[in-house]
Structures are given as structure tokens and as C-alpha cells.
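Residues per chain are reported as follows:
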Amino acid sequence: QVQLVESGGGLVQPGGSLRLSCVASGNFDSSNTMGWYRQLPGKGRELVATATDRGSTKYADSVKGRFTISRANTKNTVYLQMNSLKLEDTAVYYCNFRGRSRTWPYNDLDTWGQGTLVTVAS
């Protein structure tokens with residue numbers, strides 16, 4: 001009951017910035033967690049950052065101080081502002097939603113976006 005559409009990926013030079021967006025649509029409870037994960041080349045999917053509707057955030061150590069996650073709750077949108085990008089940030093970034101449906105049978109929801117490629121290269 002949740003659909004995620006993410007955007008904002010692309011090619012950027014080292015030290016540059018990029019902003020990812022993810023819009024959630026559907027019938028879900030306002031209490032939820034949205035975040036970003038990434039799949040590095042040759043590695044498994046890993047947590048980048050998450051944010052609850054109340055503003056609690058969590059970051060991977062590798063991105064602290066460089067990335068900022070934020071939410072626009074009225075628009076059901078989560079953003080990832082990526083600054084000081086490094087070559088090792090190159091990955092497919094996936095938006096994630098975890099929450100509950102707003103109506104019966106109140107399903108637990110865990111939904112992924114389609115992924116957007118971020119390439120950091122000179």
C-alpha cells in the first residue's frame with residue numbers, strides 16, 4: 001500500500017553535492033520511518049541514513065558530517081543531501097519506507113524504491 005518514487009541520482013565530481021528525493025504515496029500511518037540504503041559495487045546493501053516522522057535520525061559512520069537526511073512530512077517526502085562526495089560513495093541508492101497501513105488490516109509495510117545511481121568520478 002506504499003509506492004516509492006526516487007530521483008536525483010547522477011554523475012558528480014569528487015567534492016561535489018547531490019540531493020536525492022523520495023516520494024511515498026498510498027494509505028499509510030503517519031508514524032513511520034523513511035531512509036536511504038545503498039548498494040556499493042561488489043558489496044551488499046548498507047544503511048546510509050534513516051529518519052522518523054518525529055525527526056529522529058540515524059547515519060552510517062561513513063557519511064556523518066557529509067550527508068543530511070530530512071523529511072517533508074506533509075508531502076510524504078524524504079531527502080538526502082549529499083555533500084563532499086567521495087569516489088567510494090558511488091552506489092545505487094534505494095529509498096526505504098517502514099510503517100503501517102492506515103486502515104484495516106493494518107499491515108506492516110516495508111517498501112523499497114526502484115533505486116537511483118549515484119556516480120562520483122572525475
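It should be noted that the structure appears before, not after, this text.
Keep in mind that what you see is a predicted model, and the values were worked out from it rather than measured.

Asks: Kindly report on the sheet that holds strand 3 (residues 18-26), identifying the contributing residues and their values.
Replies: Taken in spatial order, the four strands line up as 1-3-8-7 in an open sheet, and their pairing is antiparallel. The open sheet has two edge strands with one neighbour each: strand 1 (2-7) and strand 7 (67-72). The sheet shows a mean angle of 15° between the axes of neighbouring strands, direction not considered. When strand 1 meets strand 3, the two strands line up antiparallel, connected through six bridges. Across the sheet, the residue bridging to Gln 3 is Ser 25, located in strand 3.

Asks: With reference to specific residues and values, describe the pattern of salt bridges.
Replies: Taken as a whole, this structure holds five salt bridges when the rule is applied. Between Asp 89 and Arg 38 there is a salt bridge, with its nearest N and O atoms 3.0 Å apart. Placement of the pair is Asp 89 in the loop between strand 8 (77-82) and strand 9 (91-100) and Arg 38 in strand 4 (residues 33-39), with a sequence separation of 51 residues. Like Arg 38, Asp 89 is buried. Between Arg 98 and Asp 110 there is a salt bridge whose closest N-O contact spans 3.6 Å. Pair noted here: Arg 98 is in strand 9 and Asp 110 is in strand 10 (residues 108-112), with a separation of 12 residues, a long-range link. In this structure, a network of salt bridges that share partners links the residues Arg 38, Glu 46, Arg 66 and Asp 89.

Parameters and conventions
- Residues numbered from 1 in each chain as written.
- Predicted model: local features only at pLDDT ≥ 70, side-chain atom pairs only at ≥ 80, totals over all residues.
- Heavy atoms only, no water.
- Pairing = 2+ DSSP bridges.
- Helix = DSSP H or I, 4+ residues; strand = E, 2+ residues; numbered from the N terminus.
- Axes fitted to C-alpha atoms, helices over the stretch in contact; angles between N-to-C directions.
- Salt bridge = Lys/Arg side-chain N within 4 Å of Asp/Glu carboxyl O.
- Buried < 20%, exposed > 50% of the residue type's maximum accessible area, 1.4 Å probe, protein only.

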